[in-house]
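One letter stands for each residue in the lines below.
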Amino acid sequence: MTADRTQPKRLRAARLSPRDIAHVGSSGLRSRPLRVVLSALGIAIGIATMVAVVGVSASSKAQLLEKLDKLGTNMLVAAPGDALFSGEEPKLPKDAVGRVSRVEGVEDVGATGDLERSVRRSEKIPEGETGGIAVKAATEDLLKVLRGRTASGTWLNAANGRYPSIVLGHVAARRLGITSPGQQVWVDDRYFTVIGILAPLPLAPDIERSALTGWAAAKSLLGFDGHPTSLYERSADDAVHDVRALLAASISPESPRDVKVTDPSAALQAKADTEGAFSTLLLGLGGIALLVGGVGVANTMIISVLERRYEIGLRRSLGATRGQIRIQFVTESLMLSGLGGLAGVVLGAAATAAYAASGDLPWVVPLWAVTAGFGATLAIGTVAGLYPAVRAARLSPTLALHAA
Amino acid sequence: MSLRRAERTYEGAGPGDGVEPVPAGGHPRPGPGPRPVVRLTGVTKEYPGGVAALRGVDLDVGEGELLAIVGPSGSGKSTLLHIVGTLDRPTAGTVEIAGHDVAALSDRKLSALRASRIGFVFQAFHLVPGVSARDNVAEGLLYSGLPRAVRRARAAEALDRVGLADRMRHRPHELSGGQKQRVAIARAVVGEPDLLLADEPTGALDSASGEAVLELLHGLNSEGATIAVITHDGQIADRLPRQVRIRDGQVVHDGGRAVQDVPAQGAVAR
């Protein structure tokens, strides 16, 4: 046989380039935009819900952590421990502030001392109605250690701390009905002038519910014995661990067990963690929406295959292999759900942004949530498209051509 | 095409009275002539339920031929088109296309055969809506493995060949029926197939457009293309150099007009 033009050559099905696959896969979508929008919507709602749920809780957590960061995690509080045996209540020594300030790493030390007194709006109010407000003596450095500030008025200092002047925590001020400095409150058996009201102190909620007088005034006017009941200490971040180990022994070398050391930032940290744990219920709802969306995509793909039997037959006659028909429809399904996923991520991020803006939170959408959401849509697209694609590929070309 | 085949004309064996089937294997095969593009031997196609669409069909199509496969509906000509086009496999008999035994080919190889050797033209055109004429034609090369730029360049050439060089950017809905069919023909020939199968190519066209399409097919044939036109229309069939008449799944007539009647086509047939 001569090597003429019709001599059988090896037959090899050509591969489609990725670009051709994308082109062929998107051709069905381009011709039916409305259907694409509607069937991608289901996926979009599912993904948007999941991204928003994760985003909102992440934003809330970020806000708490931001606050925590501002307040610092390097503050420790020392207080008298519980009495192991009946008898004398343990007390912190009078010079505890001085002792702690000599511990290496400690930067600021402040203290309060509980006074067994009540504070009232006037002497006409019965003594029993304390409103849950404690009266405490406070050292001048206390506010600095707590990183607090006064919302109005001034803080205690060496001068006003010797006179019947008082600074109220913001909860205490609200309960007493004090709105501005200059007003007077009744403590023990005399009026004290309110010189300042504190801003909220998330790290020291008990101070928020206290009326604070100067150390000297407490001693001279209210019979304070000078033993601090809470000692607040702030150190460098890397020294916290060492200071914590030394604190009790420094305050009370003879009986360190009588000193209880706590870390108020731990409670806030725990709160941040619970805020960060997104609602499983909402996440489950998003998952169901996603599943329904996936069923919608599968349905659309089956209809698409039925409608386009002639196109399938034509492509087979143009030389498309079964595999190439299969990949065309899987690609179409992937694009359909991918489009929904993309829209869902954008919607979810926008919903999170709206929530964050309304609550003055930082806007956080975790990357893992976006990646996981998008990955889920691609998985759904593959699964939803596989069966219709296999059906399309199995279609006999002659039957497909007869369909029209 | 040869004089020898013209002598085998069964005069008067029209679709009406052609009850006498051509004996199977009764044809002398063309000897040293051009290698056949299509060779069907004893091809039978039975559908589940015992309906036989084709019963022992022998058919040779040589390179450069222009023939009509003609028969009334239900005669089996569509089944024959599908089998020659390798879209379907026979239940018995052998099919050779461009030297390949179809029965021995996998789906992938069969697809490659269609992509490189066979072009289809359909009655209803089947152009992709919303896509330019040029891109529709380029779609005919999509499964050939050629890069996109080459596909588009060849599509432009093919459109030029069918006389639509000025309609490259037009979309199907902007074209007349005849123009659409010419785009479809361009799509079928853009890959320079060994065989062009046209299924009722003028069926959806008015007579003037149909005339133009037939002229185009004649022209392509004179340039060397091997073309089989499947039709139920005896008039169209009679204008082609060779007619294969099908009835009840059998070839009842295989021959051409007297060569002296159609000197032009006779010359082209080499």
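Residues numbered from 1 in each chain as written. Chains lettered and ligands numbered in written order. Predicted model: local features only at pLDDT ≥ 70, side-chain atom pairs only at ≥ 80, totals over all residues.

### With respect to the overall build of chain A
Reasoning step 1: Counting its regular elements, chain A contains 14 helices and 11 strands.
Reasoning step 2: Computed over C-alpha atoms, the radius of gyration of chain A comes to 36 Å, more than 25% over the 22 Å expected from 2.2 N^0.38 for 404 residues, which places it beyond the range of a compact globule.
Reasoning step 3: With respect to the three principal axes, the spread of C-alpha positions in chain A is 125 × 45 × 40 Å.
Reasoning step 4: Counting over 404 residues, chain A shows a buried share of 43%.
Reasoning step 5: Sequence separation of 24 or more characterises 84% of the internal contacts of chain A that already satisfy a separation of 6 or more. (Helix = DSSP H or I, 4+ residues; strand = E, 2+ residues; numbered from the N terminus. Rg over C-alpha atoms; globule rule 2.2 N^0.38 Å. Buried ≥ 20, exposed ≤ 12 C-beta atoms within 10 Å, placed from the backbone. Contact = placed C-beta atoms within 7 Å.)

### Section: the overall build of chain B
Reasoning step 1: Helix and strand counts for chain B come out as nine helices and 10 strands.
Reasoning step 2: The burial tally for chain B puts 50% of its 270 residues in the buried class.
Reasoning step 3: Restricting the contact set of chain B to residue pairs at least 6 apart, pairs at least 24 apart contribute 73%.

### Examining the sheet that holds strand 1 (residues 36–47) of chain B
Across a sheet, strands are paired by hydrogen bonds formed along the backbone, either parallel or antiparallel in direction.
Reasoning step 1: Across the sheet, which stays open at both edges, the four strands sit in the order 2-1-4-5 (chain B) with antiparallel pairing between neighbours. Each end of this open sheet is capped by a strand with a single partner; those strands are strand 2 (51–62) and strand 5 (100–101) of chain B. (Pairing = 2+ DSSP bridges.)

### Points about the nonpolar core
Reasoning step 1: Residues Val51(A), Ala186(B) and Ala228(B) are the most contacted members of the largest nonpolar core, which totals 115 residues.
Reasoning step 2: Among the elements that line this core, the one with the most residues is helix 2 (residues 33–71) of chain A, at 14 residues.
Reasoning step 3: If near-sequence neighbours (up to four positions away) are discounted, Ala228(B) is found in contact with Val61(B), Leu67(B), Ile69(B), Val84(B), Leu195(B) and Leu197(B). (Core = buried A, V, L, I, M, F, W, Y, C linked by C-beta atoms within 7 Å.)

### Digging into the interface of chain B and chain A
Reasoning step 1: With 32 residues of chain B in contact, the opposing surface of chain A contributes 25 residues.
Reasoning step 2: In terms of residue count, helix 3 (residues 107–117) of chain B provides more of the side of chain B that touches chain A than any other element does, eight residues in total.
Reasoning step 3: Tallied by class, residues from the side of chain B that touches chain A come to 13 nonpolar, 10 polar and nine charged. (Nonpolar A, V, L, I, M, F, W, Y, C, P; charged D, E, K, R; others polar.)

### Comments concerning the packing of helix 2 of chain A against helix 12 (residues 322–359) of chain A
Between two packed helices, both the angle of their axes relative to each other and the distance between the axes serve to describe the pair.
Residues and elements named next belong to chain A.
Reasoning step 1: In the contact formed by helix 2 and helix 12, the axes pass within 6 Å of each other and the chain directions differ by 35°. Crossing geometry of helix 2 relative to helix 12 is assigned as right-handed.
Reasoning step 2: Across the contact of helix 2 with helix 12, the residue classes break down as 21 nonpolar, 11 polar and no charged. (Axes fitted to C-alpha atoms, helices over the stretch in contact; angles between N-to-C directions. Left-handed = near helix turned anticlockwise from the far one by under 90°.)

### Here's the deal with the UniProt feature "domain: ABC3 transporter permease C-terminal" (unreviewed entry) in chain A
Reasoning step 1: The UniProt record marks residues 286–397 of chain A with the feature "domain: ABC3 transporter permease C-terminal" (unreviewed entry), using the residue numbering of this structure.
Reasoning step 2: Within the segment residues 286–397 of chain A, helix and strand shares are 88% and 0% respectively, and the terminal C-alpha atoms sit 41 Å apart. (UniProt positions renumbered as here; feature names shortened; annotations may be inferred.)

### Here's the deal with helix 11 (residues 309–318) of chain A
Three- or four-residue spacings in an α-helix give side chains the same orientation, since the helix completes a turn every 3.6 residues.
Reasoning step 1: In terms of residue burial, helix 11 of chain A counts as a mostly covered element, since eight of its 10 residues are buried.
Reasoning step 2: The complete set of buried residues in helix 11 of chain A reads Glu311(A), Ile312(A), Gly313(A), Leu314(A), Arg315(A), Arg316(A), Ser317(A) and Leu318(A).

### Notes on the packing of helix 12 of chain A against helix 13 (residues 367–394) of chain A
Residues and elements named next belong to chain A.
Reasoning step 1: Direction vectors running N to C along helix 12 and helix 13 enclose 150°, while the axes themselves pass 7 Å from each other. Taken together, the axis directions place helix 12 and helix 13 in an arrangement best described as roughly antiparallel. Read as a crossing pair, helix 12 and helix 13 show a hand that is right-handed.
Reasoning step 2: A breakdown of the residues in the contact of helix 12 with helix 13 according to their chemical character gives 17 nonpolar, 11 polar and three charged. (Parallel < 35°, antiparallel > 145°, perpendicular 65-115°, else oblique.)

### Thoughts on the UniProt feature "transmembrane region" (unreviewed entry) in chain A
All names here are of chain A.
Reasoning step 1: Per the UniProt record, "transmembrane region" (unreviewed entry) is annotated on residues 36–58, 281–306, 334–357 and 363–387.
Reasoning step 2: Each end of residues 36–58 is marked by a C-alpha atom, and these two atoms are 32 Å apart; helix forms 100% of the span and strand 0%.
Reasoning step 3: Between the first and last C-alpha atoms of residues 334–357 the distance is 34 Å; the span itself is 100% helix and 0% strand.

### Section: the domain arrangement of chain A
Reasoning step 1: Assigned domains of chain A: these are domain 1 (18–67 + 275–402) and domain 2 (74–262).
Reasoning step 2: Computed over C-alpha atoms, the centres of domain 1 of chain A and domain 2 of chain A are 59 Å apart. (Domains from an automatic or database assignment.)

### Observations concerning the sheet that holds strand 8 (residues 227–231) of chain B
All names here are of chain B.
Reasoning step 1: Within the open sheet, the six strands sit side by side as 6-7-8-3-9-10. Their pairing is mixed. Each edge of the open sheet is held by one strand with a lone partner, namely strand 6 (118–121) and strand 10 (250–256). Pairs of neighbouring strands in the sheet enclose a mean axial angle of 15°, with direction left out of account.
Reasoning step 2: Of the strand pairs in this sheet, strand 6 and strand 7 (residues 195–199) are connected by four bridges, and their pairing is parallel. Residue Gly 119 lies in a different strand from strand 7, and its bridge partner there is Leu 196.

### Looking at unusual backbone geometry
Reasoning step 1: Despite not being glycine, Asp188(A) shows a phi value in the positive range, around 60°.
Reasoning step 2: Mapping Asp188(A) onto the fold places it in the loop between strand 7 (184–187) and strand 8 (190–198).
Reasoning step 3: The partly exposed category is assigned to Asp188(A), around which 17 C-beta atoms lie within 10 Å.
Reasoning step 4: A positive phi angle is found at Asp248(B), which is not glycine, with a value near 50°.
Reasoning step 5: Tracing the backbone through its elements, the reader meets Asp248(B) in the loop between strand 9 (242–247) and strand 10.

### A closer look at the environment of Ala186(B)
Residue and element names in this part refer to chain B.
Reasoning step 1: Relative to the helices and strands, Ala 186 is located in helix 6 (residues 177–189).
Reasoning step 2: Exposure remark for Ala 186: the 30 C-beta atoms within 10 Å place this residue in the buried category.
Reasoning step 3: In this structure, the C-alpha to C-alpha distance between Ala 186 and Ala 156, residues 30 residues apart in sequence, is 9.3 Å.
Reasoning step 4: If near-sequence neighbours (up to four positions away) are discounted, Ala 186 is found in contact with Val 137, Ala 158, Leu 159, Arg 161, Val 162 and Leu 164.

### A closer look at helix 3 of chain B
Reasoning step 1: Taking burial as the measure, the 11 residues of helix 3 of chain B include eight buried ones, the bulk of the element.
Reasoning step 2: Restricting attention to buried positions, one finds in helix 3 of chain B the residues Leu110(B), Ser111(B), Ala112(B), Leu113(B), Arg114(B), Ala115(B), Ser116(B) and Arg117(B).
Reasoning step 3: Residues of helix 3 of chain B that are buried make contact with helix 11 of chain A together with strand 4 (92–97), strand 5, strand 6 and strand 7 of chain B.

### Overview of the pairing of strand 7 of chain B
All names here are of chain B.
Reasoning step 1: When you tally the buried positions in strand 7, you get five out of five residues, the bulk of the element.
Reasoning step 2: Of the two faces of strand 7, the one lined by Leu 195, Leu 197 and Asp 199 and the one lined by Leu 196 and Ala 198 are each fully buried.
Reasoning step 3: Pairing of strand 7 with strand 8 involves four bridges; the strand directions are parallel. Residue Ala 198 lies in a different strand from strand 8, and its bridge partner there is Val 229.

### What about the environment of Arg239(B)?
Residues and elements named next belong to chain B.
Reasoning step 1: Mapped onto the secondary structure, Arg 239 falls in the loop between helix 8 (234–238) and strand 9.
Reasoning step 2: In this structure Arg 239 comes out as partly exposed when scored by C-beta crowding, with 18 C-beta atoms within 10 Å.
Reasoning step 3: When the C-alpha atoms of Arg 239 and Gly 256 are compared, they prove to be 9.6 Å apart, with 17 residues separating the residues in sequence.

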